Structures are given as structure tokens and as C-alpha cells.
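Secondary and tertiary structure notes
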Amino acid sequence: MTPHPLLFNPVYRDYVWGGNRIRETFARADAPSPCAESWEVSAHPDGMGVVENGPHAGKTLEALGAEFGAALLGSHCPDGRFPILVKIIDAKTRLSVQVHPGEESAARYGGEAKTEMWYILDAPQGAFVCAGLKSGVGPRVFGDAIKAHDVAATLRTLPVAPGKAVFVPGGLVHAICEGCLILEVQQSSNTTYRIHDWDRVDAGGNPRTLHVRQAMEVIDWHAPELGLIAAVPMQAGAPENRRDRVLRCDFFTMERFVLAAPEPIRPDGTSFKALFAVDRAVTIVWDGGCETLPAGRSCLVPATMPPYAITPPEGGATVLAIGV
């Protein structure tokens, strides 16, 4: 394939809890108002990414994976299917208390397995998320809390702030709380089981559908207590830069680059890189070409891309790099 960083037309989602920060913070004039999610890099049929730039403009990510296979996605994706989904979430109000199937429960009960992580882009002072159940909460206690509309009392909370990250494996009960602007990385899945929606209703006075039976089947009642992810320092390619491993799990990895100078990257053919410009635009430069990645946008760098550099503007920039 012609090696070139791929930018995609975002796929926007409007849910009852969304706000306007995707539109306002990232200068997305095309985003609806309100806008809850932007699917940035996706080959899921519920929100298929279409390339907007370069020699492959107009093609879907699914079609490119089928056509180019490992040349695009890397040797870790031999079937040519893009295995993750990268999205921005704007929680003006809190999301429902929910759970996604893990690998084992999806195979047993159906649905698409979904492990995810949240990287906090912005959050007000005092912001928190719900991640897991309190010690001693099992099926009976949780079931009683659902019936009593007292689910909040069973949830573990974690304080969050910009730059922090949370790991949410399949089977973990969770909720994103109000005020959080998040970059979410997840398995390519759109299976969510709502347990409790804070008794809210839509404009017509109707509550959203709950999926309590399915949720009780897939909850991991023995999930460990998880805290905020502790980033691991790594060696950057340029001494002026900082590089951290934010997360490595069975389904995806995330690294963070805090750039003061061009950061050289030498792809080894094993994985694509999905890059997200957190705060300022950066330029991806390789022999024979360059591509600008605007602030708040994502791109997909093919696994067989020639050596390139992520170049920040004067004053520096932060970039997240996601792979498998």
C-alpha cells in the first residue's frame, strides 16, 4: 500500500448525556450540538471510519484492512481486521451504570467482548469515575440495590484529573461521571448492558432501556480492586522528550509522548499506531512526505510506514500512541 498516515471522517454519536466540548474544544464545526461521542478510528459496522485524506481517501478502514492486511495493521493482526476502536467521550452528565462482556462471558452468553481504558483529557476539580463494586458486594446485595434504586452505594469511585488513566476490563461495573472529557480505547465492540440510568428520562418522558439480566450474567464478581494506572517511564528517541507507557494489556497498548523536539519512530511491522494529538497540532514527517495532525484529531499510521518523526510546534505538544 502507499504508506501514508490516514485521517478519518469522525463518526458522531448524540446520547442524552453528551455536551458541546468535542465541538468547542477541538474546533469541530461538523460535530452536532450536543455531541456525546466521536468515533475517531473505527472499523466497527455501527460506526465505520472513512479515510478523508491522501491516496486512500473515500475508502473504509474495513476495506483497507481486507485489501492490505498486515501491511496496514501489522503482523499482530493477521486476519486484516482492525481490532480496536478509539473514541472521544464528552460526559456533560454522568453515563449509566453499565458493564460489558469479557472474552469468556461473551463466548458463553453472546455479545461482543469489550475491555476498555479511559485517558482523561479534561475534568473539573473533584471529578471522579465509578470503577468496580465495593468489597462484599455480590449478586444478592447488588440485585437488592438495583431494585431499591441505590446502586450508587455499591460502587467504588476513583478521583480523576487530566493526564490520568483508568483500566476497565470486561465484566467490571463502571460509570463515567459528569464533567469528564475522555479518550477511550477499547476492543472493537458496541455491546453495553445498562444496569441503572440514574432514573432519568428522555424528552418524551421515557426511560432508556435497561439490561439487568444480561448484566448480571457477565459481571465479574471477583474482579480485583483497580486504581488509577501508574505510567511507566520509557526511553524517548530524542533526549528532550518524555515517553511513558500508559498501559499494556492483552488487547491494546498506549504510550504518551511529551514532545519538545521531533521524536523519531521506526515501525517494525508488528502493529499500526493510532496517534492522537492531545493539546496542539503536530506534523508527521517521513522521507518524501508530511501530514499535519490537528489538535484533538486522530490518525492511523500503517505498520509498514517508513521511519518518520512526530514533530511538535514551538512550545511542545503531547501525543498518545495506541497499538496492539
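Conventions we followed
- Residues numbered from 1 in each chain as written.
- Predicted model: local features only at pLDDT ≥ 70, side-chain atom pairs only at ≥ 80, totals over all residues.
- Heavy atoms only, no water.
- Buried < 20%, exposed > 50% of the residue type's maximum accessible area, 1.4 Å probe, protein only.
- Helix = DSSP H or I, 4+ residues; strand = E, 2+ residues; numbered from the N terminus.
- Arc of directions from axis to C-beta.
- Contact = heavy atoms within 4.5 Å.
- Lys, Arg positive; Asp, Glu negative; His and termini not counted.
- Salt bridge = Lys/Arg side-chain N within 4 Å of Asp/Glu carboxyl O.
- Polar contact = N/O pair within 3.5 Å; in protein donor to acceptor, adjacent residues only side chain to side chain.
- Core = buried A, V, L, I, M, F, W, Y, C linked by side-chain atoms within 4.5 Å.

Some remarks on helix 5 (residues 139-147)
Among all positions of helix 5, only Phe 142, Gly 143, Ala 145 and Ile 146 are buried. Seen end-on, helix 5 carries its buried residues on one side only, within an arc spanning 160°. Of the exposed residues in helix 5, those oriented more than 90 degrees away from the buried face are Arg 140 and Lys 147. Buried residues along helix 5 sit against strand 6 (128-133), strand 11 (193-196) and helix 6 (212-218).

Overview of the side chain of Glu 263
Structurally, the position occupied by Glu 263 is in strand 15 (residues 263-265). Despite its burial, Glu 263 pairs with no opposite charge, the nearest such side chain being Arg 243 at 5.5 Å. A distance of 2.5 Å separates the side chain of Glu 263 from the backbone nitrogen of Gly 237, its partner in a polar contact. Within the structure, the side chain of Glu 263 is placed 2.8 Å from the side chain of Asn 241, a separation counted as a polar contact. For Glu 263, the residues in contact, after removing those within four places along its chain, are Ala 236, Gly 237, Ala 238, Asn 241, Phe 257, Tyr 308, Ala 309 and Ile 310.

Brief notes about the side chain of Thr 154
By the element assignment, Thr 154 lies in the loop between helix 5 and strand 7 (155-159). The class for Thr 154 is buried, based on a relative accessible area of 5%. Among the polar contacts listed, one links the side chain of Thr 154 to the backbone oxygen of Val 151, at a separation of 2.7 Å. Each residue touching Thr 154, except ones within four places of it in the same chain, is listed here: Gly 132, Leu 133, Lys 134, Val 137, Phe 142 and Ala 145.

Digging into the pattern of salt bridges
The final tally for this structure, using the stated rule, is 20 salt bridges. The shortest N-O distance in the salt bridge between Glu 40 and Arg 28 comes to 2.9 Å. Highlighted residues: Glu 40 in strand 2 (residues 37-41) and Arg 28 in the loop between helix 1 (21-25) and strand 2, separated in sequence by twelve residues. Residue Glu 40 is classed as buried on the basis of its relative accessible area of 4%. The closest approach of N and O atoms between Arg 213 and Glu 217, which form a salt bridge, is 3.3 Å. Of this pair, Arg 213 and Glu 217 are both found in helix 6, four residues apart, which corresponds to roughly one turn of the helix.

Section: the nonpolar core
Counting residues in each nonpolar core, the largest one holds 40 residues, and the members touching the most others are Phe 82, Leu 121, Leu 183, Met 254 and Leu 300. Looking at this core, the elements with two or more residues in it are helix 2 (61-68), helix 3 (70-73), strand 3 (84-91), strand 5 (116-122), strand 10 (180-187), strand 13 (242-248), strand 16 (273-277) and strand 21 (317-323). Residues in contact with Met 254, not counting those within four places in the same chain, are Met 117, Tyr 119, Leu 183, Val 185, Asp 244, Arg 245, Val 246, Leu 247, Leu 320, Ala 321 and Ile 322. Listed in part, the 19 residues of the second largest apolar core include Ala 91, Leu 158, Val 160 and Val 168.

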